[in-house]
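# Analysis of the macromolecular model
Spelled out, the chains give:
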Amino acid sequence: MATKTYLQAISDGLREEMRRDSRVFLIGEDIGVYGGAFKVTQGFLQEFGEDRVIDSPLSETAIVGSCTGAALMGMRPVCEMQFSDFVSCAFDHLVTVAAKQHYRVGTPVPIVVRLPSGGGFSGGPFHSQNPEGFFAHCPGLKLVCPATPADAKGLLVQAIRDPNPVLFFEHKHLYRRIKGEVPDGEHTVEFGKARVHREGTDLSVITYGAMVYTAEEAATAVADKDGTSVEIIDLRTVTPWDKQAVLDSVAKTSKVLVLHEDTHTSGFGAEIAATIAEEAFENLDAPVARLTAPDTPVPFSPPLEKAFLPQVEDVVAAIDRLSAY
Amino acid sequence: MAIAREATPVSSAADIKDADLDREDLLQIYRNMLVTRGIEERGHILYRQGKIPGSFYTGRGNEGAAVGVATAMRADDVGTPIQRDMGVHVTRGTEVWRIFAQYMGRRDGLAMGKDGNIHLADFRLGLIAMVSHLPALMPVAVGCALAFKIRKEPRVAVAWSGDGAMARGDAHEAMNLAGVHRLPVVFICDNNQYAYSTPNRLEFGVDHLADRAAAYGFEGVVVDGCDVLTVYREAHRAIEKARQGGGPTLLELVTLRMEGHAVHDDAFYVPRELLEAYTKKDPIERYRRWLKEQAFLDEESDDAITVEVKKLLNDAMKRAEDSPLPDPSELEVGVYAEPEELDTPHHM
Amino acid sequence: MATGTLVDVVMPQMGVSVSEGTITRWAKNVGETIEADETIVEISTDKVDTEVPAPATGVVKELLAGEGETVPVNTRIAVIDTGGGGESDGEPEPATTGSDPNVAAEAPQAAEAPPAETPAAAPAQPAPANGNGQGSGEGRTFVSPVVARMVAEHNLDINAITGTGAGGRVTKKDVQAFIDSGGQAAATAPAAEQAEVHDVPHFAPPPEPETPAPAPAAEPSPAAAAPAPAQPQPATPAIVEGEPGPGEELYRFNTVRKVIARHMRHSLETAAQVTTVIEVDMTGVVNLRRKWKPIYSERHGVNLTYVPFVARATMDAIGRWPWVNAEIRGESALIKRYVNLGMAVAIDDAKGLMVPVIHHAEELNLVGLSRAVIDLADKARTKTLSNDEMSGGTFTITNPGVFGALIGTPIIPEGQVAILDVEAIVKRPVVVTDRHGNDAIAIRHMMFLCLSYDHRLVDGAYAAQFMAQLKQNLESWGEDAYGL
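Residues numbered from 1 in each chain as written. Chains lettered and ligands numbered in written order. Predicted model: local features only at pLDDT ≥ 70, side-chain atom pairs only at ≥ 80, totals over all residues. Heavy atoms only, no water.

Right, let's get into the interface of chain A and chain B. The interface of chain A with chain B comprises 48 residues on the first partner and 52 residues on the second. Where chain A abuts chain B, roughly 4,100 Å² becomes buried across the two surfaces, and 63% of that area is made up of carbon and sulfur atoms. Interface area lost by chain A to chain B is led by Met73(A), Tyr103(A) and Arg104(A), which between them contribute 20%. If you look at where chain A meets chain B, you find three salt bridges. Measuring nitrogen to oxygen at the nearest pair gives 3.2 Å for the salt bridge that ties Arg168(B) to Asp92(A). Between the two partners, chain A and chain B, sit 19 residue pairs in polar contact (both at pLDDT 80 or more). Ranked by the residues each element gives to the side of chain A that touches chain B, the list is headed by helix α4 (residues 91-105) of chain A, at 10 residues. Grouping the amino acids of the side of chain A that touches chain B by side-chain chemistry returns 18 nonpolar, 17 polar and 13 charged. (Contact = heavy atoms within 4.5 Å. Buried area = accessible area lost by both parts, 1.4 Å probe. Salt bridge = Lys/Arg side-chain N within 4 Å of Asp/Glu carboxyl O. Polar contact = N/O pair within 3.5 Å; in protein donor to acceptor, adjacent residues only side chain to side chain. Helix = DSSP H or I, 4+ residues; strand = E, 2+ residues; numbered from the N terminus. Nonpolar A, V, L, I, M, F, W, Y, C, P; charged D, E, K, R; others polar.)

Take the sheet that holds strand β8 (residues 249-254) of chain B next. All names here are of chain B. With parallel pairing, the six strands of this open sheet are ordered in space as β1-β7-β8-β4-β3-β2. Where the open sheet ends on each side, the last strands, each with one partner, are β1 (5-6) and β2 (78-80). The pairing of β2 with strand β3 (residues 157-162) spans three bridges and is classified as parallel. Looking at the pairing, Thr-80 lines up with Ala-159 of β3. (Pairing = 2+ DSSP bridges.)

What follows deals with the packing of aromatic side chains. This structure, assessed with the given rule, holds 24 aromatic pairs over all chains. Pairing Trp323(C) with Tyr462(C) gives two aromatic rings, centres 6.1 Å apart and planes at 35°, and the pair type is tilted. Of this pair, Trp323(C) sits in the loop between α6 (306-320) and β11 (326-329) while Tyr462(C) sits in helix α9 (residues 460-475); the two residues are 139 residues apart in sequence, bridging distant segments of the chain. Exposure remark for Trp323(C): the relative accessible area of 38% places this residue in the partly exposed category. Residue classification places Tyr462(C) among the buried positions, given a relative accessible area of 18%. An aromatic cluster is present here, built from Tyr6(A), Phe38(A), Phe83(A), Phe86(A) and Tyr175(A) joined pairwise through their rings. The residue whose ring lies beneath Lys39(A) is Tyr34(A), and the NZ or CZ to ring-centre distance is 3.5 Å. (Phe/Tyr/Trp six-rings, centres within 6.5 Å; stacked < 30°, edge-to-face > 60°. Buried < 20%, exposed > 50% of the residue type's maximum accessible area, 1.4 Å probe, protein only. Lys NZ or Arg CZ within 6 Å of the ring centre and 35° of its normal.)

For the rest of this paragraph, the subject is the pairing of strand β4 (residues 39-44) of chain C. Bridge count between strand β2 (residues 20-26) of chain C and β4(C): four bridges; the pairing is antiparallel. Within β4(C), the residue paired with Arg25(C) across the bridge is Glu42(C).

Take unusual backbone geometry next. Looking along the chain, the bond that leaves Thr239(A) and enters Pro240(A) is cis, with omega of -10°. With respect to the helices and strands, the residue Pro240(A) is situated in the loop between β12 (237-239) and α8 (243-253). Following Leu134(B), the chain continues into Pro135(B) via a peptide bond in cis, with omega recorded as -5°. By the secondary structure assignment, Pro135(B) is in the loop between α4 (96-103) and α5 (137-151). Even without glycine at this site, His360(C) takes up a positive phi of about 50°. Mapped onto the fold, His360(C) is located in the loop between β16 (357-358) and α7 (366-382).

On the surface, Val277(C), Leu406(C) and Ile407(C) cluster together into a nonpolar patch covering about 240 Å² of accessible area. Topologically, Val277(C) is positioned in strand β10 (residues 273-281). (Patch = residues over 30% accessible without salt bridge, like charges linked within 9 Å, V, L, I, M, F, W, Y side chains within 5 Å. Areas by Shrake-Rupley, 256 points an atom, 1.4 Å probe, with all protein chains shown as cover.)

Residue and element names in this part refer to chain A. As enumerated under the stated definition, the model contains 10 cavities of 30 Å³ or more in all. Lining the largest cavity are 15 residues, and of these Asn-130, His-171, Tyr-208, Gly-209 and Ala-210 lie nearest its centre. Of all the elements in the fold, those that place two or more residues in the lining of the largest cavity are β7 (166-171) and β13 (256-263). Looking at which element gives the most residues to the lining of the largest cavity, the answer is β13, with three residues. Of the residues assigned to the lining of the largest cavity, the class counts are seven nonpolar, five polar and three charged. Of the residues that make up the lining of the largest cavity, three or more belong to each of domain 1 (2-182) and domain 2 (195-324). (1 Å grid on protein atoms, 1.4 Å probe; cavity = no way out; pocket = protein on both sides within 12 Å on 5 of 7 lines; lining within 4 Å. Points joined across faces, edges and corners; volume = space filled by probe spheres on them. Domains from an automatic or database assignment.)

Residues and elements named next belong to chain C. Within the secondary structure layout, Asp-281 lies in strand β10. Residue classification places Asp-281 among the buried positions, given a relative accessible area of 14%. When neighbours within four sequence positions are excluded, Asp-281 is seen to be in contact with Arg-444, His-445, Met-446 and Glu-475. In this structure the side chain of Asp-281 is engaged in a polar contact, spanning 2.8 Å, whose partner is the side chain of Arg-444.

Taking 1.5 Å per residue as the helical rise, α6(C) with its 15 residues ought to reach 21 Å, and the 22 Å between its terminal C-alpha atoms agrees with that figure. Along α6(C), the residues classified as buried are Val307(C), Pro308(C), Phe309(C), Val310(C), Ala311(C), Arg312(C), Ala313(C), Thr314(C), Met315(C), Ala317(C) and Ile318(C). (Expected span 1.5 Å × (residues − 1).)

Moving on, we get to the packing of helix α5 (residues 283-300) of chain C against α7(C). Residues and elements named next belong to chain C. Closest axis-to-axis distance for the α5/α7 pair is 12 Å, and the angle between their directions is 75°. Taken as axis vectors, α5 and α7 run roughly perpendicular relative to one another. Across the interface between the two elements, Trp-292, Tyr-296 and His-300 of α5 pack against Leu-366, Val-367, Ser-370 and Arg-371 of α7. (Axes fitted to C-alpha atoms, helices over the stretch in contact; angles between N-to-C directions. Parallel < 35°, antiparallel > 145°, perpendicular 65-115°, else oblique.)

Turning next to the confidence of the model for chain C. All names here are of chain C. Model confidence for chain C is summarised by a mean pLDDT of 77, while 73% of its residues fall at 70 or above. Across chain C, element-level confidence peaks in β10 with a mean pLDDT of 96 and bottoms out in helix α3 (residues 191-194) with 39. The low-confidence segment residues 85-139, where pLDDT is below 50, has 113 contacts with residues more than four positions distant or belonging to other chains. Every residue in residues 189-235 scores below 50 in pLDDT, and together they form 79 contacts with partners more than four places removed in sequence or on other chains. Both confidence scores are given for the complex: pTM 0.62, ipTM 0.84. (pLDDT = per-residue confidence, 0-100.)

Nonpolar side chains in soluble globular proteins generally cluster together in the buried interior. Residues Ile276(A) and Phe187(B) are the most contacted members of the largest nonpolar core, which totals 85 residues. Counting residues per element, this core draws most heavily on α5(B), at 11 residues. When residues of this core are sorted by domain, at least three fall in each of domain 1 (2-182) and domain 2 (195-324) of chain A. The residues touching Ile276(A), leaving out its near neighbours within four places in the chain, are Val246(A), Leu247(A), Val250(A), Val256(A), Val258(A), Phe281(A), Leu284(A) and Val288(A). Among the nonpolar cores identified, the runner-up in size contains 73 residues, and Val105(A), Val10(B), Val231(B) and Ala242(B) belong to it. (Core = buried A, V, L, I, M, F, W, Y, C linked by side-chain atoms within 4.5 Å.)

Here it is as structure tokens:
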């Protein structure tokens, strides 16, 4: 075990897989000489050479598309969208080719697309998004949203080994802020298995990504305030998601708040809420609540961004509302 | 202001001597073109009989371009043909009955009923199935070439596009990436002069699509796509150049789309004169004449080949018609791949 | 809602058919300490007046209802803080404004008044949580899916569960707490309608006028004539209370008075009430009583009065004329062979009335009846009657005669068809005929007995013959019928 930052854990996972499997290579903008916009791949070019750490042109379609081609030829490519927001430029390729290839013609496409995502530092509308919702809707893709350093590494390694196209959302606001214990050696985390981040009895918060920490702070606050016992379920992967863990938690507490940083309408929380309503109706002691960013682009100015992103006090208020029901 | 080189046509067998084609090869080219056309002619009949759901696309007039390029590919080269390139599938050895099964939405079609018409490919033959959003497979072919380069394998990827699809960003990004890294990929543009109803002059502003190659740092060649041997020679040259590390080439194969965009389109917008002119340039007729002139083919062997092709097609059709439709229970199968489907989980 | 250190005190349910209670006196004030089981409040219901013991030891934190206030059963009436803490019990903060990042609690529109139920609710408010999750002031009852499921699974009566959720609804925790504390499963659903007739006090709340009285009760078990827990509806629209002026004093009906008022009204509206009077020469009984009184006092410890004589004679007469000991249900009647004898007792300085019941009085001799009468009268006056002792009557005797009344037309109690008024015994000159047929004037102890009966079942001839029998029983009471 060692304490690592979220970013270090990701970097370690990449490095270890590249050492272990010569088929793994990286392609993206500024990942080689520059070491990546966030320095995730610092030192990689020196260790693995320019054949396996490729500084690509500014061409998201070509980046992701060439990964598909290489993967079909037996490689295990990991590409990077410099900001998750830019994945929209490769949206066509992902949903048209990568997602559908195996279904149509039986050939697996084992690619990983790393996506530094999320806001909280005045990145503005094009450097702060959480686009998992768009892709959750596309059958054939897998979506991963780790919150802890250990999960970031374990899920990345798992993603590289998964035979399907995997979108790996690394929340950039967690890169250096979050530290945690990361197991040494080979460490994988299964997709579709949520993690109970915090056990509780009064209500459940279902969340993922950076919001896990916001929920944690809120849960601590309400525990101190009035003893409310909040359970936090960290989904860890959005496609597939651990429906059973969520239903089990709802059965236990009967009150549930779905929380994500992505915007509201048709954010993945809508899927979770609908599923809970369909399958846990008789366990509900209150309506299913959702707390998300509003339906706006991510604003730039700090007071606006603060109003946009769910804050700890917003989560506390939502918990209080649920408790009082 | 043309930039690309215009290929000089092959006239005699001597011109292709260094291409290393013997008589058998030459007759096989002929056979492949006949099978290609035969599949599509029978497809028309099946479609009008209601046995082919959805739509139906052909590459009539492109047989020489398709077969010519495919013949120049080596066994372990890969390609991403488009809807005018039935000749590529035939030349690489795709089972014809599975092509008919594909059209008819049967479970044994190459896409198992999950996709239709020409969205087919036998991956074991190094072919990757196209999608509708052309030229989405161009970057994929570039990725294949990237893999070959990383692994230092002497293999080449061939990426097809149409004249219309070349207007999309995928084409630009693919060629740009390939040019930057001098990847072993050959870009084939099937320029049949019409993208649906849009003629070339409304599709691009340069004289030839092949002129664009220079913008990416590699060579572009304009070729008479109706001349199978010229196509073969240029393809062979480009592919081998790529294999030797010479980087990409863009081959623009000019033909005319002899039928509509798809079966529902009567192509009224194509001028009669153009159609008549290209009817005279029919690649199969031309090649047959050449074979006979060069004494590779006589009446008897021509008839024999005709009969053989006919039998092959009939047998294939019957087998396909007898094969089952997919079961609804298969609907959700295969959305995701399982780890067992990969070769090995990992290796050093 | 109660947290770990706060314990609720609720209005208890004193009997199956009791639906509300009145706070008569708080024994403790806010801030005073109290031991578990120590009386915290005195209450009055239509069955009994009683004291409520505290459920826990601690400090009285809140009193939620005032003296004189009537609240439904299971209403929270007080809160005891058992711990050291003075934590507010989970009063939620109003949602912070500022950012509104789309908190979409997909709640049914009205449900919560944001600060759910503040414990310091003014007593004037109809207290929340009457056990069936009434909505906040909207009269809306909401049962959440999980609560509905748990109630069904455990066969509970949701009305028996205190609700602590928004607007007083019963929450999952409330149900779980109820189960954990051993709250029993409800009797099968129409428990209300199936309350035995024995349970129904003489002054049970009247059924709704439109309810076909007992007809729907197809069960063999005697169903109540009145579906007891039907919430007593205010029959009339609002009546303005009088402001006492000079020379006027305002008396607000207490629980017992209200119940009496309801029953009296209803009885007269239902029964075809007729009263018949007979005169009885009680001289023999008077003499017997004088003779036996010291023996009864010494040997049995009872004070022998005339009432047991009348009661015993009535048992015999009923034995011969049982239709006066029946219960009408629609167009049928249950004729009863046993007699649960109601004995009216004045209480509260004659400002109240109770009718304790001697069950199976026909089995008691004079000693037994004497004892029972005295015993129940005492309990009535000290408000210590049990539920059983309050209900199930089949025939009632009332005794205004102790005050000198001569003739009365008593009102027939619910569920019975007759009531016997025992009037004063008065010395009068009467004509007596000796054995030879000679008339003479003698001074005799005479007493009227007045029987009000329900002519729907009992006709005049029948009633008269019953009375004749009763008269004969009393006038021929043998000396050697000691103890009879």
